[in-house]
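Notes for the structure review
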Amino acid sequence: MPTKRNTRPNETQPDRLWHDRLRYFEERLETLVETIREFVQIESPSDNKLAGDRMGTLLAGRFETLGGRARVHRAEEFADHLQIDFPGRERTKPVLLLGHFDTVYPMGTLANMPCHIAGGRLHGPGVLDMKSGIALMLSAVEALQAWHSGLPRPVTVLLVSDEEVGSGSSRKITEALARESAAVLVLEPAAGTQGAVKTARKGVGDYTLTVHGVAAHAGLDPGKGHSAILELAQQINAVSKFSDLKKGISVNAGVIRGGTRTNVIAAEATAEIDVRIKNAKQAAMLDRKFRSLKPFDKHCKLSIEGGVNRLPMERNTGVIALYKKAQSIAKQIDWKLEEAAVGGGSDGNFTAGIGIPTLDGMGGVGQGAHAVHEHISISDLPRRALLLAGMIESA
Ligand SMILES: [Zn+2]
């Protein structure tokens, strides 16, 4: 009699395993949606410590129920940042699940923007950015514990309270925990309605270019004036040539001001310029270019302020390797997972910036982050949870 073959599905029928796992999340979808609703209904604007701490305390309790050990990093101006550590069976480095529980919506927003379901979508302030992402963390950890009778590897969760206002008080904690981790998975919203993960984010900066000219009466003394406006026009033309779209550099003079009256040759004119870059080297290169601008009219003076304030999250080999893993997990359930490069920044810029493999956009799928129509697609949630669980196992 032939011995019964070992039918552990991950060895013989990988597709079947992943489809079973997907069904696991589908069967628990209602609970997941309830959890997200609960989180959305606790308002937690970045600038309200009391409200944020209420949210943080509730979250700590939820993660502790799953066996995590919660600790807080005190913050004075913002809610305390929350760290939860889960032990794992293998003694590998943890995966860092990164997110934030602050939102851009002031207290009272729920009155006009209630949390509700319509047409398969869950609406509400912060539902996409990124309370659904936090609920996905809970789901994935719970599932892995059920599948493996305990987490296969250690997991660290960091939920900060000041991401929407620049992460000034949490950045150091984020970077320190990232350094101890094998990889960072950022639960910010996915890109687009197809749910692409984010493998690159541009760096962002701004410059202010001011021209000081020489005023004169436009009718009586036209030869004595040196127009700041004319000079600025030429400078704008010059800086716009710093753009190199093929290399991912864009330079945009988005605001100009100058002059006082039509009959006066302008003494002063200013341009505010947004810059986007694709890699760190470009920041220094652009800065050199801005600082070495010379006036076309020698009687005009230039002053330059500003610089790049958030370095890019680059699509380096570590990021690509994580994306490939994510893609192969998605493929198991016949899902073609796309990647996207986006113009804005997140805390993923920090962790990628110090060289830790980072995959961003692992959270909910939806539209309207920071807007009145913010929502997530409910039917996308099971496969997002599946992807996260799979990435915690293999990242
Ligand atoms: Zn966010």
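Let me sum up the structure you'll find in this document. Please read all numbers here as calculations on a predicted model, not as lab measurements.

Observations regarding the overall build of the protein chain
- Secondary structure summary: the protein chain contains 12 helices and 18 strands in total.
- Taken across its 395 residues, the protein chain has 50% of its residues classed as buried.
- Within the protein chain, contacts between residues at least 6 apart in sequence are counted, and of these 80% link residues at least 24 apart.
- About 18,700 Å² of surface is accessible on the protein chain, with carbon and sulfur atoms providing 52% of the total.
- Put simply, the protein chain has 49 plus and 45 minus side-chain charges, and the middle of one group is 7 Å from the middle of the other.

Some thoughts on the side chain of Thr156
- Along the chain, Thr156 turns up in strand 6 (residues 155-160).
- Excluding its chain neighbours within four sequence positions, the residues that come into contact with Thr156 are Gln83, Ile84, Asp85, Pro94, Val95, Leu96, Leu97 and Leu177.

Observations regarding the packing of helix 10 (residues 317-331) against helix 12 (residues 381-394)
- Contact geometry for helix 10 and helix 12: axes closest at 10 Å, N-to-C directions at 130°. Here helix 10 lies oblique to helix 12, going by the angle between them. Read as a crossing pair, helix 10 and helix 12 show a hand that is right-handed. Mapping the contact onto sequence places Leu322, Lys325, Ala326 and Ile329 in helix 10 and Leu387, Gly390, Met391 and Ser394 in helix 12.
- By residue class, the composition of the contact of helix 10 with helix 12 is 5 nonpolar, 2 polar and 1 charged.

Remarks on the coordination of the zinc ion
- For the zinc ion, every protein donor is listed as His100 (NE2), Asp129 (OD), Glu188 (OE) and Glu188 (OE), and the spread of their distances is 1.9 to 2.6 Å.
- Of note is the zinc ion, whose 4 donor atoms meet at the metal with angles of 53 to 144° in an arrangement that counts as irregular.

A short note on the sheet that holds strand 17 (residues 366-367)
- With antiparallel pairing, the 4 strands of this open sheet are ordered in space as 4-5-18-17. Here the strands that pair on one side only, and so sit at the sheet edges, are strand 4 (116-118) and strand 17.
- Looking at chain direction, strand 17 and strand 18 (residues 375-377) are connected through 2 bridges and run antiparallel. Among the inter-strand pairings, Gly366 is bridged to a residue of strand 18, identified as Ile376.
- Packing of helix 6 (residues 127-148) onto the sheet brings it into contact with strand 5 (121-123), strand 17 and strand 18, and relative to strand 18 it is tilted by some 50°.

As for the packing of helix 6 against helix 12
- The geometry of helix 6 relative to helix 12 is characterised by a closest axis approach of 9 Å and an angle of 60° between their N-to-C directions. Judged on the interaxial angle alone, helix 12 and helix 6 are oblique. Taken as a pair, helix 6 and helix 12 cross one another with a handedness that is right-handed. Residues Leu136, Met137, Ser139, Ala140, Leu144, Trp147 and His148 of helix 6 form the contact with helix 12, whose own contacting residues are Leu381, Arg384, Ala385, Leu386, Leu388, Ala389, Ile392 and Glu393.

Side note on helix 12
- Between its terminal C-alpha atoms helix 12 stretches 20 Å, which fits the 20 Å expected from 14 residues at 1.5 Å a residue.
- By the criterion of burial, helix 12 is predominantly enclosed, with 11 of the 14 residues buried.
- Of all the positions in helix 12, only Leu381, Pro382, Arg384, Ala385, Leu386, Leu387, Leu388, Ala389, Gly390, Met391 and Ile392 are classed as buried.

Here is what the cut-offs are and how they apply
All residue numbers refer to position in the chain's written sequence, counted from 1. Selection of residues for local features in this predicted model requires a pLDDT of at least 70, selection of side-chain atom pairs for listing and counting requires 80 or more, and totals for whole chains, interfaces and linings are taken over all residues. By convention in this description, side-chain values take in all heavy atoms of the structure and omit both hydrogens and water. Here a helix means four or more residues in a row that DSSP labels H or I, a strand means two or more in a row labelled E, and each is numbered from the N terminus. Throughout this description, buried means an accessible area under 20% of the type-specific maximum (1.4 Å probe, protein chains only), exposed means over 50%, and partly exposed covers the range between. The criterion used for residue contact is that any of the two residues' heavy atoms lie within 4.5 Å. We get accessible surface area from the Shrake-Rupley algorithm with a probe of 1.4 Å; when it comes to residues, only the shown protein chains can shield them. Charge counting follows a simple rule: Lys and Arg are positive, Asp and Glu are negative, and His as well as the terminal groups are ignored. Think of each charge as sitting on NZ of Lys, CZ of Arg, CG of Asp or CD of Glu. Fitted lines through C-alpha atoms give the axes, limited to the stretch in contact for helices. The angle between two N-to-C directions lies from 0 to 180 degrees. To sort the angles, those under 35 degrees are grouped as roughly parallel, those over 145 as roughly antiparallel, those from 65 to 115 as roughly perpendicular, and the leftovers as oblique. The crossing is said to be left-handed when, going from far helix to near helix, the turn is anticlockwise and less than a right angle, and right-handed when the turn is clockwise. Under the scheme applied, nonpolar residues are Ala, Val, Leu, Ile, Met, Phe, Trp, Tyr, Cys and Pro; charged residues are Asp, Glu, Lys and Arg; polar residues are all the others, including Gly. Donor atoms are limited to N, O and S found within 2.8 Å of the metal ion, a distance that becomes 3.2 Å for Na, K and Ca. With water left out, some sites might look partial. Every geometry call rests on angle ranges, with four donors termed tetrahedral when all angles are between 85 and 135 degrees, four termed square planar and six termed octahedral when opposite donors are over 155 degrees apart and all others are between 65 and 115, and everything else termed irregular. Two strands qualify as a pair provided DSSP detects at least 2 bridges between them. Given a helix with a known number of residues, its expected span is that number minus one, times 1.5 Å.

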